[in-house]
Structures are given as structure tokens and as C-alpha cells.
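For reference, the chains in residue letters:
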Amino acid sequence: MTEILDGLRLSRLTDDDLELLLLVRHFELKLLELYGRGDLNGTTHTCLGQEYVPVSLRSLLGPADHVFSNHRGHGHYLSRFRDPHGLLAEIMGREGAVCGGVGGSQHIHRDRYMSTGVQGESMPVAAGVALHLKRSEPGTLACVHIGDGTWGEGAVYEALNLAALWRLPLLVVVENNGIAQSTPTSSQMAGTVAGRAAAFGIAHQLIVSTDVNEIRLSLEREIAGVREGRPLVVEFVTHRLGPHSKGDDIRPADVVRAARENDWYARYAHDHPEHFHRLDGAVKAEVEAVAEEVAARPLSRWEGPCA
Amino acid sequence: MADIRVPKLNNNDTEYLVVEWLVGNGKPVVAGEPIAVLETSKATDELEAEESGYLHHVAALDTWIAPGALLARITAEATAQQPAPAVAAPEPVPSEDAAGRRDTPVAEPVVTAPARAAMEELGVSHAEVASLGLAVIRRTDVEALVRGRTGQTASDATEDAPAEERQDTQEPAAGAHRLSRVQRAVARAVTTSHATIPAAYTVVKFEVGPLLERARGLSREVRRPVGLAELFVQAVAALHPAFPLFFASVDGDRAHPADAPRVGVTFDMGEGLYVPVVHDTGSLKAIADTLMRYRLAATEGDFREKDLTGANIAVTLHTDADVILAIPLIFPGTVCALAITSPQPEPLLAEDGTVTMRTVANIGLAYDHRLINGRDAALFLAALRTELQA
Amino acid sequence: MRVAENLNAALHGLLDDDHTAYVLGEDILDPYGGAFKVTKGLSTRFPERVIGTPISEGALTGVAAGLALTGNTAVAEIMFGDFVALAFDQLCNFASKSVSMYGKRLPLRMVVRCPTGGGRGYGPTHSQSLQKHFVGMPGLSLYEMSPFHDNRAVFAAMLERGEPCVFFEDKVLYTRQMEQVDPLFVVRRDGDLAVVDIRDMGHRPDCVVIAPGGMVHRVLGAMRSLMMEEEISTRLLVPSRLYPLDVGALLPHLGDVVLVAEESTAGGTWGSEVAHLLHARLWDRLRGPVRLVHSRASVIPTAAHLENEVLAGESTIHHAVREVLHG
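Residues numbered from 1 in each chain as written. Chains lettered and ligands numbered in written order. Predicted model: local features only at pLDDT ≥ 70, side-chain atom pairs only at ≥ 80, totals over all residues.

A tally of regular secondary structure across chain B gives eight helices and 21 strands. When burial is assessed residue by residue, chain B has 35% of its 390 residues classed as buried. Restricting the contact set of chain B to residue pairs at least 6 apart, pairs at least 24 apart contribute 63%. (Helix = DSSP H or I, 4+ residues; strand = E, 2+ residues; numbered from the N terminus. Buried ≥ 20, exposed ≤ 12 C-beta atoms within 10 Å, placed from the backbone. Contact = placed C-beta atoms within 7 Å.)

Below, the structure written as C-alpha cells:
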């Protein structure tokens, strides 16, 4: 796969798209840095290497669509809301946190965006939301982000069964990064994602590209079909650059190197250096400023579970 | 001839509702034809005839019927119309249903087991407890009812049951003697009397020889047995105008006099101690009549309610051989009781040294010392003696 | 009216009055109308909002949550309450937590109905009373069906809470009549609490039994035999909401001897939670610890004679009361 991609040049992005990609990248890097310094409590799951997935999708989704994210959701959130302050405050438990510091990195709810912490759990919920949208707001859809490891959970299959039976406007975005926590896909998944979608008669599309513009072109029609009640599984073959959470990367060196070589960040810098460098430094500085400002905020307050 | 019984239609219900008859009563029916519709909690089900013949309804419409109960019958011939189908008697419902569904509220009280035992012991009828108007009858309710019956008058001691009731048939437990119903009433009266009446006692010796002579003559005259009892009742009653307080009842520091003498007399023929009342003390004949009747009644305990109520003084008879002293009970609600003991021969030494015999009897008066003092008692007894000699 | 009919009427009424209401479950469509016929007639009248699902307890509960998330009212039926185990993640980790874990209150109008209890010979995995496994879950309320609480009102109360509720329906109640009791008893309501006394009591009862709706007839049977045989007077209190429990509502009706009777098997029961709450308030008034009456610590056998030995019944309650009063 790497060999094929080597010959391809990433197309030029808009400033907007590139800034967003860079924002997510630097945000995640910042988190790892803060964690390393001991400034972050709990754990965090970074999406390094996979940022292009939500950035690509954001022009194909509207504010009326529901988005369900997972534990590796910072890129999903930032692509939806471009709110590094609120997200970092949530992660650090500071005032202005998008969920008061209660949900943390994994449990975020804002408008029609919701992330949950148990793999597969959001699939049936998304199906229920899709049912509602089909009845009340036809033309809108529910989008669920899952990973390759998520396919181990029964809830995924139950939801797909319903989506197909009831013709729900459900878009399942699979970020298949070849590894589930510490388990390579080959050790935890029999068969393929494509085979699974086909079992329910659900359309499946495989995306190997990391080119935002190209991805959008290839998905436009299919996602329009979802809005008409034709559920779709989009499988992104992607690479997780960082560890599962923090400090738990046990992959062999060659796998990690391959991930680095496919990384859009390096490739775009290589393919469009002036564009890259014009914005990279600025975004990095922006993230620094955000981190400094949020870290100085007082602790968040919560009225309690019965409020 | 076939019995059609309700099959078990499901695992949920203990009864089903008979919703509809599909074949009329007495009408012909063919095997396999649906005859009735039963409703379960899940669905309605049709039951089919197993044989051909004529269908006879047993269960009634709109009633609940349990699995196994008889729903209908099929006869070979069109027999005469069955009487109108009765309400189907459901199988006995399991105890867990006992406190559940009941279609119509019932006015019958629930009587606990201890209450039932008390009813038997104390001779209380079901009609009596039902009239209490309580939903649940407990032992204490039965006991209160009994206490309410045995009120404040002298003869209440024996009026604890209508004369019709004779229920003291409890078998005593091994080694223990159980008091009869009548005796229990006596016991209650005695206990109350001892607890509430501070009694004193005075005895006077009466010469009764001439009295006994006169009694024999009077018996022939009134053609009724006349003895000491009759004569004393007459004499005591005659003292009422002069000694009204002796017929009164005490209430705190007041005495309520009686309008007329009503003399209770003790009878114990071995069946129980009774104290029936002589209401009509006007003539010796009436007294003798009454006492004769009471004597007979006492042999069987066959008294009426009114016989045993209303006394305001009592004459107690202790004329069995050689009883020379008896201290009677003052019945609650009265203030004195006279005791007549057995006539005894007594030798009398004359001034000239000759010895004659006379017949005497000790006549005692128990009296409520709150109202009557010793002097009064002595005066009463003296007056009584005078009255008897007249 | 039978309890099942009252419940059916409640669902009809809900769908009539609330146009965002959905009812979903397995085999609930007409003509079958649900395993216990509780949903009879609903899909005929409301075909769009009464949805039959495949055998997917987890997913159907999740769908209900998704419908609630988007502002609808969702009533999900789990065919046998035992199967709610398959929906545990959706209830525990999603629906109940979502009400508060996102920092601001997120209302979810959602009821999961669980036909519950044994006594029908359905065996170990179709006869359980699983209330205890949901006690103490923040954001989740537990209610139980009773013959003294009109189901329309209970549903209104559950949905009013704006958080997911599990509604336990003891199957033995379905065929019973609403409200009706032996004339020996008198039933009154004190707010949400049903209070059953022996008629013309006139004084404080010898003991008080707290029980969820499914135990009502067994407790009443024991109350009758206790009075008839031993003149022991008992009062029955039936709360509609099991958790969070309104302990304050119970207090004025309690004396110094209290029992809790439930069909749950022994260990970590709802009753132990009730006892704990009462001990904290009534310690110096109680003659002894709150006595728990429940089924034995065992699977629930299928054969009737074996099932009877495990499940708490009328005689279990009768003996417990006697023991507690007479030692």
C-alpha cells in the first residue's frame, strides 16, 4: 500500500482545511506533551495520523446531521466545532469545559454531537436517532465513528441489522488503523469489514486515500444516498501514528515506520511546502497559546448528578 | 353422555371468563362444532364439542371458570330442559388467591379462630357477633360482648345467654374441671360483688316453728307449696315501704330507691345456681306460683331473660340439713341479701326447770355497709321477725 | 378491569396523547400483540410508532435511547425481564449516565418494561426478579407495577422524571383485577403509596410489611391467615417507585416492627436497601432489625413443586411475621 501511495501527490487543500488538519495534529501532540509532563489526569486517546478522516467528512455533513464519536474523538470534535479551548478545558477539568469536566475526553455532548466510551454502544443509539431523523427530518443522517476493533461487539451487528431492515439514514465510518489497542486486526477480526456489510446487504466503500479532496469526491454520491435511507459503511484504511492511549504502544518498529511514512502531515509538507509552512507554525503557536490560557483557568464546577 | 370440562388453555390464568355460548341450551350439536367462547388474559378461545348430541349448559355466562371445571354436558337424547344453569362453582382456588379477587363485597364479618373459641366458651351466637357491625371479630370483641350482656343488675349473673342457649358442653381437659357457663356467670358476679361492695353481716335467731305450721296450712289453702321461702319473700317485700333503702342501689354517695320490691331467690337444683326474681309480691298465691315455676325451671336451667332480671334484694336459701350459718353474696346492683338457714331444734329451759323444744333458724343479713349500718340491719331483721309472726 | 388491560389502556392513552411516543419490542405487533398481550391493538392504531424488532435486547434499548435523545418518548419492552441482562450496557453505561455525564442535565423520556417473576414454571432464566441489579444506578429509576396504581398515572410519573426508568411488571398481576381486594381489607392512597389495612382496625397494626406490587396478593393472603389464626394485625405498604425510594412517605405508616417482602432471591436485594434506609431513620424506634423476606438463594427451578420451595410465598411471609413478633 505504501508503495502505491508513494507515487501519489496530495492535492492542494484550502487554507481552511489545512488549518483544521494542523489544529488537530498540534492539539493531539500538545496533549501527549502535557501528559508526559504530568499535567493531564486520566488517559487520552490521540488520533494522530487519522485527522484527515473527519476533516474530509465535514463538508459532506451538515449541522442538522447527528455525529456519534468514540474514545478517539478529538479530531471529530474539532472538525465539527473548531473549539480547542472547550475541548482542552474538558480534558483538563477547567472552567469553560464543554461538559464541565464530567465527561472528559471520551464523553462529550454538544448540540448534535455525542461521544461515548464503550465500543459499539453508540451504534444502536445512532440507529434510533436515524429512525427519528427519517421520520421527522428526512434528508438528515446519523454518522457513527467506529474502529476496526469495534467489530468485536455484538451491538454493531444488531444495529446494522436494524439499519438495513428499517432503511435508516445511518452512515458508519470505520477508521481501520490495523490495530485495536494492542491487538492487530488480523488477530481479532475474521473475515473483512466489507464482508460484514455485505451480510446485511449494506453498501460498503473502501477509502485508502489520505487526500481530503479526493475522499470528498468519492464519497459525495454515496453519502447523499444515506440521506435517502440507504445505510453505508465507509472503511478508511488508515494508520495510527501514536499509541492506543498513552505509553502503551507495543507495535514492531517497521509497523510504526510505515505509519509515519503514510502520514499526511509529512507528505503534505513534502508536496506543498510553502502552503504547509505558512500555516503550520501559526497553528502550532495558536495551540500553545490555547494550552497556556486553559491551564491557567480555575477548576470547572459541576452542580452534580441531580441538577 | 359426555361431560365437557374446561381444558387448560394457557399457563398464566387460574380462571377464564365464559364470554359466549355458541350453541343454545338443549340444542343439537355436532362433534367438532364450537360450543362456547372462553376469554383468557391473552386471547379468546373456542371450545368444541367432542361428541354429537344435545348440549346442556352448566356454567353461566359472564362467570369465571377454572380449568377442569364442568362447562357443559352433551346427552344422546334431547332430555327435558335442565333447570336454568347455576353459577359455575369454580375449582377451589389456591390459597394465594384467597385474599385476591372477590366479585361482591360481603357483609359477613370475618371471625378469627381465637374468637370462635371464645364464642364457644362463652356461649355467644354468630347472630350476636354479626350484629356488632364489625368487619373482623376478635376474641376481645366476643369478651366485650359478653361483659356488655352481664350488666349491673342482680340477676345478670345468670343471664349471660338467652335461655335457648345451652352450650356449656366443653369437655374439660384431662385433670382440669371446666366451669360451666352458668357457674362462670356466678363467678363473675361474686368477683364483682367482692370487689365493689363493702359487706357486713348480722345474724338473728328466729323461732320458725309456728311459721312452719302456718306454712303447711297455707299450702292447703292456696293449693301451692308454701314454705319458708314463700313466707320470707312475702315478708321481705312487705318491709319495702318502711325500709326503702334496703331495696336501693348505691351510686357513689347516692342511693337510688326502688319503686317496688323485686325479690330475687336462689335456686340450685344441681344444674346451676340461679337467682330468678319474684316481681309480683302482692299475694302469697302469686309468690307461691312463681316460686313453684322457678323450682321447676331450675331443674333444667330453663329460665327466660325476664325471669332473671330486675331484683333489688335477694333471699338466699340455705335450708339444707344442719346449715346454721351462711353468708350470702350481695348481688351487684343491690345492697343486701338475706340468708335463711336450716331450721334446727333447740331445747328451751323454762323458769320452772322444764325443758321444751322449739324450732329456730339463723336468719342473716349481708348488707352494703356504705349505706346500711349494724343498727339498721338489726332493726330490719327485727321488723322482719315481727312481720313473719303476724 | 384486569391489570394487563389497565396497562394496555395506559399504552393506548400514551400513544394517543403524546405524538412523539414510540413503543418497541419483540413480537409486539398485532395480531399477536405481545407475549403477554399487553401491546394488543397498539400497532393497528399506531402503525408508525409501534415497532416490532428482531431479537436484539441491546439494540432495541439503544434505539429507544436514541429516540429519547432526539426528544421522543420511548417505551421498550423486554419480553422476559431476565433478558434485560442483554441490555445492561445500554441502560447502565449509556442511557442512565447520559442524563448527567455530559455536565448538563440531558433529559431522556424512556421506559424499559420488564415482565418479571416466577410462579409459572418457566424455569431459571425466565422467572427472575432482577430489580436488585439496577438499584443504585445514578440516573436510573425503578418502578414496579401494582394493582393499586393506575398504570396511566405511573407512566406519566415515569416519563415526567426525564430520565430512563425500568418498569418491573410481575407476570402474576396481569390477570388480576385492579384495585379489588378481599373485603377484609381496606386500601387507601397516601400520595404515591398504597396503604392496605385490615378493615376497622382502630389501632396501630402489630407489624408493617413493605412490598412491591408483585407481592401484593401473597402478602394479603398472609395478612388474612395471620389475623384469622393468630389475631396478628398487619399493614401493607406498596410504593410505586422502588428506587430512589421515598422513605419519608413510609415513615408515618410504620410502627416498631417492619418487614420487606419481595420475590427476589437472597443477597443484595432491594429490601436490604430499604432496610438500610429505615435503620438510619428509625433505629431507636424499631424493636429489631427490619426483617427481609425473599426467595431462597437459588436458581428458580421449573417443576412446580420445586419452584414453590424456592420462591417466597404466602406462607413464607406468614412465618416471617410470626417469627418476628413471637421470636
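Resuming the write-up.
Take the overall build of chain C next. Per the secondary structure count, chain C includes 10 helices and 13 strands. The buried share of chain C, taken over its 327 residues, is 57%. Taking as baseline every contact in chain C between residues at least 6 positions apart, the subset at least 24 positions apart corresponds to 76%.

Moving on to the sheet that holds strand β5 (residues 170-176) of chain A. All names here are of chain A. Taken together, seven strands build an open sheet; the order of strands is β2-β3-β1-β4-β5-β9-β8 and the sheet is mixed. Since the sheet does not close on itself, it has two edges, and those belong to β2 (109-110) and β8 (203-207), each with one partner. Where β5 lies against strand β9 (residues 232-237), six bridges are found, and the strand directions are parallel. By the bridge assignment, asparagine 176 is partnered in β9 with valine 237. (Pairing = 2+ DSSP bridges.)

Moving on to the packing of helix α6 (residues 122-136) of chain A against helix α3 (residues 57-69) of chain C. Running from N to C, α6(A) and α3(C) point in directions that differ by 50°, and their axes come no closer than 6 Å. Here α6(A) lies oblique to α3(C), going by the angle between them. For the crossing formed where α6(A) meets α3(C), the hand is right-handed. Contact with α6(A), carried on its side by A:Pro124, A:Val125, A:Ala126, A:Ala127, A:Gly128, A:Val129, A:Leu131 and A:His132, involves C:Gly58, C:Ala59, C:Gly62, C:Val63, C:Ala64, C:Ala65, C:Gly66, C:Leu67 and C:Leu69 of α3(C) and no other residues of that element. A per-class count over the contact of α6(A) with α3(C) returns 12 nonpolar, five polar and no charged. (Axes fitted to C-alpha atoms, helices over the stretch in contact; angles between N-to-C directions. Parallel < 35°, antiparallel > 145°, perpendicular 65-115°, else oblique. Left-handed = near helix turned anticlockwise from the far one by under 90°. Nonpolar A, V, L, I, M, F, W, Y, C, P; charged D, E, K, R; others polar.)

What follows covers the interface of chain C and chain A. Every contact between the two is made by 25 residues of chain C and, on the other side, 26 residues of chain A. Listed by contribution, the elements that provide at least two residues to the side of chain C that touches chain A are α3 and α4 (88-98) of chain C. The element that contributes the greatest number of residues to the side of chain C that touches chain A is α3(C), accounting for nine residues. Here the side of chain C that touches chain A is built from residues that sort into 12 nonpolar, 11 polar and two charged.

Relative to the 21 Å expected for 15 residues at 1.5 Å per residue, α6(A) spans 20 Å between its end C-alpha atoms, a close match to the ideal helical length. Counting buried positions over the 15 residues of α6(A) gives 13, a clear majority of the element. (Expected span 1.5 Å × (residues − 1).)

On to helix α4 (residues 74-81) of chain A, then. Residues and elements named next belong to chain A. Judged by how many residues are buried, α4 sits mostly within the fold: seven of eight residues are covered. Restricting attention to buried positions, one finds in α4 the residues His74, Gly75, His76, Tyr77, Leu78, Ser79 and Arg80. Tucked into the core, α4 has its buried residues touching α2 (15-37), α3 (52-57), β1 (66-69), α5 (84-92), β3 (113-115) and β4 (142-147).

Generally speaking, a soluble globular protein has its nonpolar side chains buried in company with each other. Counting 190 residues, the largest nonpolar core has A:Ala126, A:Ala127, A:Ala130, A:Leu170 and C:Val219 as its most contacted members. Those residues in contact with A:Ala127, other than ones at most four positions away along the chain, are A:Ala159, A:Leu162, A:Ala163, A:Leu168, A:Leu170, C:Ala59, C:Gly62, C:Val63 and C:Gly66. Among the nonpolar cores identified, the runner-up in size contains 63 residues, and B:Leu231, B:Ala235, B:Val265 and B:Val315 belong to it. (Core = buried A, V, L, I, M, F, W, Y, C linked by C-beta atoms within 7 Å.)

So, on to the confidence of the model for chain B. Residue and element names in this part refer to chain B. Scored by pLDDT, chain B has a mean of 82; 85% of the residues are at 70 or more. The secondary structure element of chain B with the lowest average pLDDT is strand β7 (residues 64-65), at 80, and the one with the highest is strand β19 (residues 336-341), at 96. In the model, residues 81-106 has pLDDT below 50 throughout and makes 53 contacts with residues more than four positions away in sequence or in other chains. Per-residue pLDDT stays below 50 along residues 152-172; that stretch engages in 68 contacts with residues further than four places along the chain or on separate chains. (pLDDT = per-residue confidence, 0-100.)

All names here are of chain B. Here strand β1 (residues 2-5) runs beside strand β8 (residues 70-75); their pairing, made up of four bridges, is antiparallel. Looking across to β8, one finds that aspartate 3 is bridged to arginine 73. Direction of pairing for strand β6 (residues 53-57) relative to β8: antiparallel, over a ladder of four bridges. Among the inter-strand pairings, histidine 57 is bridged to a residue of β8, identified as alanine 72.

All names here are of chain B. Here alanine 237 shows up in helix α6 (residues 228-238). Judged by local crowding, alanine 237 falls into the buried class, with 22 C-beta atoms found within 10 Å. Taking the C-alpha atoms as reference, alanine 237 lies 5.4 Å from proline 261; in sequence the two are 24 residues apart. Once you skip the residues sitting within four places of it in the chain, alanine 237 turns out to touch Pro261, Val263 and Thr281.

Glycine aside, negative phi is the norm for most residues, and most peptide bonds take the trans geometry. Here C:Asp30 and C:Pro31 are connected by a cis peptide whose omega angle stands at 5°. By the element assignment, C:Pro31 lies in the loop between β1 (21-25) and α2 (42-45). In this model, A:Arg167 sits at a positive phi of 55°, which is unusual for a non-glycine residue. One non-glycine residue, C:Asp200, lies in positive phi territory at about 60°. With respect to the helices and strands, the residue C:Asp200 is situated in the loop between β8 (193-198) and β9 (207-210).

Let us look at the packing of helix α1 (residues 3-17) of chain C against helix α5 (residues 151-160) of chain C. Residues and elements named next belong to chain C. Two numbers describe how α1 lies on α5: the axes approach to 8 Å, and their chain directions differ by 50°. If you check the angle between α1 and α5, you find them oblique. Here the hand of the crossing between α1 and α5 comes out right-handed. Counted together, Asn6, Leu7, Ala9, Ala10, Gly13 and Leu14 of α1 and Asn151, Arg152 and Phe155 of α5 form the full contact between these two elements. Grouping the amino acids of the contact of α1 with α5 by side-chain chemistry returns five nonpolar, three polar and one charged.

Attention now moves to the pairing of strand β12 (residues 258-265) of chain C. Residue and element names in this part refer to chain C. For β12, the tally of buried residues reaches eight of eight residues, placing the bulk of the element in the interior. Neither face of β12 is exposed, since Val258, Val260, Glu262 and Ser264 on one face and Leu259, Ala261, Glu263 and Thr265 on the opposite face are all buried. As paired strands, β9 and β12 are joined by three bridges and run parallel to one another. Paired with isoleucine 210 across the two strands is valine 260, which belongs to β12.

To continue, consider the confidence of the model for chain C. The predicted model of chain C has a mean per-residue pLDDT of 96, with 100% of residues at 70 or higher. Complex prediction metrics read pTM 0.69 and ipTM 0.94.

Time to look at the sheet that holds strand β2 (residues 16-21) of chain B. Strand order in the open sheet made by the four strands is β5-β4-β2-β7 (chain B), with antiparallel pairing throughout. The strands lining the two open edges of the sheet, one partner per strand, are β5 (44-48) and β7 of chain B.

Among the structural elements, B:Gly301 can be located in the loop between α7 (284-300) and β18 (313-318). Once the C-alpha coordinates of B:Gly301 and B:Val182 are considered, the two residues, 119 residues apart in sequence, prove to be 9.0 Å apart.

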